[in-house]
Amino acid sequence: MTKRITIDPITRLEGHGKIEIFLDDAGDVEHTYFQVPELRGFEQFCLGRKAEDMPNITNRICGVCPEAHHMAATKALDAVFGVEPPPAAKKIRELFYSAFYVTDHTTHFYALGGPDFIVGPDAPASERNILGVIAKVGVEIGRKVIDCRSRNHGIIKLLGGRAIHPTAGLPGGWSRAIAETERAHIEQVARDNIDFALFSLQAFDDLVLKNTAYLELILSDVYVHRTYGMGTVDANGQVNFYDGQIRVVDPAGSVFAQYDAADYAQHLSETVLPYSYLKYPYLKRVGWHGFEDGARSGIYAATPLTRLNVTEGMPTPRAQEHFDRMYATFGCAKVTDRRYAPIHHRLATHWARLIELLYASERMLELATDPEITSPLVRVIPERIVGEGVGSVEAPRGTLTHHYKTDERGLLTMVNLIVGTTNNHAAITLSIKKAAQSLIKKGSVVTDGILNKVEMAFRLYDPCLSCATHSLPGHMPLIVRIRDRQGALVQELRQDS
Amino acid sequence: MTRPRATRTRTTRTVVIGVGNPILSDDSVGIRIARQVQCCLGAAMPDAGDVEVTEMYAGGLRLMEALTGYDRAFLIDAVETGDGPPGTVHTFARQDLRALRNVSGVHDTSLGMALQVADRLSLPLPSDIRIWGVEIEDGMAFGEELTPAVAAAVPRVVGAVLAALQS
């Protein structure tokens with residue numbers, strides 16, 4: 001008899017999104033998948049609208065990363081209207097984007113992913129949350145987190161025009177220049193961010209890496225997948241969140257592909273499966289071979305960890321120190337002068353995220369002290385319609401691609417988005433399956449701790465499905481249902497936060 | 001986030017926050033109500049005190065940060081409790097927050113959790129937090145229209161919020 005275990009978040013009472021674990025007759029995990037309902041009709045909503053509205057439409061797809069959608073849309077419009085923004089505009093965009101990264105990665109570490117480690121993977125769910133983190137590390141650190149979010153939201157508002165849904169991105173540039181007094185303020189915020197990022201890495205060191213049990217968990221095979229990895233790199237082959245080429249490395253660390261974002265369709269395909277609304281992108285040249293990892297499977301991931309796996313070292317000095325340390329901890333040899341063989345231990349994504357937090361902070365300081373950043377030349381007025389454009393950025397949770405086509409009047413005729421989390425759908429499924437297989441054996445009793453570790457397998461991806469779809473568990477109460485093949489309830493476990 | 005604002009002594013400072021996605025059909029109902037409340041404010045409502053109306057499509061910490069520093073916070077959101085047909089208006093207290101559609105999100109804590117964080121960090125939370133939730137029919141399709149039953153609830157909630165502002 002096949003049993004089905006369901007991890008079912010009930011943030012909304014009807015329970016959107018769930019993880020299903022199917023057991024075989026022997027009580028071992030046979031298959032897993034996660035399922036989420038999809039928002040409907042986005043492309044239809046957009047067609048016929050003016051292309052220039054897209055930065056202000058797409059930034060409303062989702063409340064989590066409006067800045068990423070705004071930026072990808074703005075870059076797509078540069079292409080649609082065939083216009084190259086002035087250097088200062090590009091730098092302001094990246095400065096804005098760096099502040100966004102600082103807030104997003106900070107929130108994930110302290111409020112979402114970090115509690116698994118700081119409070120502990122076996123702690124009751126009711127304690128694995130930001131309150132548990134504050135209880136463990138102290139009120140002062142809680143204030144630092146809120147302060148960090150606040151000062152960077154201030155920068156996002158200052159540069160982006162609004163606190164939540166930015167409006168400043170325009171085809172050909174940015175709607176406002178930066179005054180010297182504003183620049184000085186941003187510089188100070190960037191310096192504070194660097195201190196905060198270093199503090200966070202130290203906290204990770206003290207609370208996680210120095211805890212033998214947690215370190216063993218990170219280094220264990222439970223969370224290892226040898227897939228391809230994706231990230232955006234600049235002309236030096238180094239990570240950049242705002243602009244560059246898309247690089248894919250194979251599981252051994254060789255560069256498999258490097259291409260302009262505009263050519264994404266030559267490199268990626270998507271498959272759909274009968275039981276899920278989700279699309280599963282894969283590398284076209286390798287092909288879709290089901291939920292398997294390895295070089296012969298076209299499954300790839302696009303995460304903070306894969307961004308570091310593809311980069312020729314970090315572009316900033318302090319981030320480089322921590323980058324070297326992380327790869328040394330995993331015993332990775334260098335495959336080029338500055339790049340290491342990939343880390344496939346997916347829980348290292350949390351560490352990579354903190355290194356990116358430091359990089360974003362350092363990059364913010366570089367840009368805030370760039371003499372050109374206060375240039376008044378922030379816009380080139382578009383004078384033609386090319387009619388097609390792709391814009392791509394690294395969203396915190398993966399490569400984000402917007403692709404638009406328009407008619408000769410600039411009205412949209414085609415819209416395609418590949419959002420950050422979508423890249424990782426297949427990889428997330430792999431991780432859930434492997435974690436479940438390692439942790440649930442021969443009908444062993446399903447405890448909260450085991451299910452927490454299954455949850456950890458997808459939480460490390462920082463999945464944001466409110467744009468890909470809608471909702472997936474972050475820190476949420478869970479209902480676990482074990483069912484037989486006919487769907488009859490065998491057992492129900494409940495875990496409230 | 002605490003924002004600077006003009007200090008008006010002896011007035012109650014209230015923030016009205018419409019929560020939702022403005023382009024996701026019924027999910028936008030809170031935002032639409034907040035916009036109408038904004039339109040009704042002004043000279044006609046001398047007893048409302050110092051009122052700021054804002055919109056959010058984010059729950060948890062972001063929403064908590066948006067209401068710190070005020071004396072009162074009135075939130076309006078879409079809900080799917082199943083307790084009543086679309087258009088049913090529920091009122092909630094702080095402890096009921098889990099039922100709301102947008103105040104908890106995957107990349108954030110729930111608002112209830114975030115408010116506990118604020119308490120723990122001694123952030124200045126409003127002493128009076130009231131929530132209106134409108135039962136919705138379709139919050140999964142992109143669109144700029146409300147379904148009829150939900151649209152019919154809008155003026156009722158606008159009236160209730162305006163009355164509460166003057167209370």
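Computed from a predicted structure; not experimentally measured.

Conventions we followed
- Residues numbered from 1 in each chain as written.
- Chains lettered and ligands numbered in written order.
- Predicted model: local features only at pLDDT ≥ 70, side-chain atom pairs only at ≥ 80, totals over all residues.
- Helix = DSSP H or I, 4+ residues; strand = E, 2+ residues; numbered from the N terminus.
- Contact = placed C-beta atoms within 7 Å.
- pLDDT = per-residue confidence, 0-100.
- Pairing = 2+ DSSP bridges.
- Axes fitted to C-alpha atoms, helices over the stretch in contact; angles between N-to-C directions.
- Core = buried A, V, L, I, M, F, W, Y, C linked by C-beta atoms within 7 Å.
- Buried ≥ 20, exposed ≤ 12 C-beta atoms within 10 Å, placed from the backbone.
- Expected span 1.5 Å × (residues − 1).

## Side note on the overall build of chain B
(1) Moving on: The helix and strand inventory of chain B stands at four helices and five strands.
(2) Moving on: Seen in sequence order, chain B has helices and strands lined up from the N terminus as β-α-β-α-β-β-α-β-α.
(3) Moving on: Contacts in chain B between residues far apart in sequence, at least 24 positions, make up 77% of those at least 6 positions apart.

## Quick notes on the confidence of the model for chain A
Residue and element names in this part refer to chain A.
(1) Moving on: Mean pLDDT over chain A: 86, with 86% of residues reaching 70 or higher.
(2) Moving on: Across residues 8-16 the pLDDT falls below 50, and counting only partners more than four positions away or on other chains, this stretch makes 31 contacts in the model.
(3) Moving on: pLDDT under 50 marks residues 467-480. Its contacts with residues more than four places away, or in other chains, come to 72 contacts.

## Things to note about the sheet that holds strand E14 (residues 412-418) of chain A
Residues and elements named next belong to chain A.
(1) Moving on: Spatially, E12-E13-E14 is the arrangement adopted by the three strands of the open sheet, whose pairing is antiparallel. Taken across any chain shown, the strands that pair with only one partner, and hence form the sheet edges, are strand E12 (388-395) and E14. Sheet twist, expressed as the average angle between the axes of neighbouring strands with direction ignored, equals 10°.
(2) Moving on: The pairing of strand E13 (residues 398-406) with E14 spans six bridges and is classified as antiparallel. Across the sheet, histidine 402 pairs through a bridge with leucine 417, a residue of E14.
(3) Moving on: Along the sheet, helix H3 (residues 66-80) makes contact with E12 and E13, crossing E12 at roughly 150°.

## What to know about the environment of leucine 95 of chain A
Residues and elements named next belong to chain A.
(1) Moving on: Here leucine 95 shows up in helix H4 (residues 87-118).
(2) Moving on: Between the alpha carbons of leucine 95 and alanine 360 there is a distance of 9.0 Å; along the sequence they are 265 residues apart.
(3) Moving on: With sequence-adjacent residues up to four places away left out, leucine 95 is seen in contact with Leu159, Ile186, Met364, Leu367, Ala368 and Ile373.

## Description of the environment of isoleucine 57 of chain A
(1) Moving on: Examined against the element boundaries, isoleucine 57 of chain A turns out to sit in helix H2 (residues 54-58).
(2) Moving on: Expressed as a C-alpha distance, the spacing of isoleucine 57 of chain A and histidine 70 of chain A, which sit 13 residues apart in the sequence, is 8.3 Å.
(3) Moving on: The residues touching isoleucine 57 of chain A, leaving out its near neighbours within four places in the chain, are Cys46 of chain A together with Ile23 of chain B.

## Focus on the sheet that holds strand E4 (residues 89-92) of chain B
Residue and element names in this part refer to chain B.
(1) Moving on: Ordered in space as E2-E1-E3-E5-E4, the five strands form an open sheet in which the pairing is mixed. Pairing within the sheet leaves two strands with one partner each, and these edge strands are strand E2 (50-56) and E4. Ignoring strand direction, the axes of neighbouring strands in this sheet form an average angle of 20°.
(2) Moving on: Bridge count between E4 and strand E5 (residues 128-135): four bridges; the pairing is antiparallel. Across the sheet, phenylalanine 92 pairs through a bridge with isoleucine 131, a residue of E5.
(3) Moving on: Its contacts with the sheet place helix H1 (residues 29-40) against strand E1 (13-19), E2, strand E3 (72-79) and E5, and it is angled at close to 140° to E1.
(4) Moving on: Its contacts with the sheet put helix H2 (residues 60-67) on E1, E2 and E3, and the angle it makes with E1 is roughly 150°.

## Some details on the pairing of strand E8 (residues 255-259) of chain A
Residue and element names in this part refer to chain A.
(1) Moving on: Of the strand pairs in this sheet, strand E7 (residues 245-249) and E8 are connected by four bridges, and their pairing is antiparallel. Counted as the bridge partner of valine 248 is alanine 257 from E8.
(2) Moving on: Here E7 folds back onto E8 in antiparallel fashion, the turn holding five residues, of which glycine 253 has a positive phi close to 110°.

## Side note on the nonpolar core
In globular proteins that are soluble, nonpolar side chains generally tend to be buried together.
(1) Moving on: Core analysis: the largest hydrophobic core is formed by 186 residues, its most contacted members being Ile92, Leu95 and Ile355 of chain A together with Ile17 and Val161 of chain B.
(2) Moving on: Setting aside chain neighbours within four positions, we find isoleucine 92 of chain A in contact with Leu159, Trp174, Ile178, Ile373 and Val378 of chain A.

## Considering H3 of chain A
(1) Moving on: Compared with an ideal rise of 1.5 Å per residue, which puts 15 residues at 21 Å, H3 of chain A spans 21 Å between its outermost C-alpha atoms and is within 8% of the ideal.
(2) Moving on: Count one or two residues on from H3 of chain A and you reach glycine 82 of chain A, which has phi positive near 55°.

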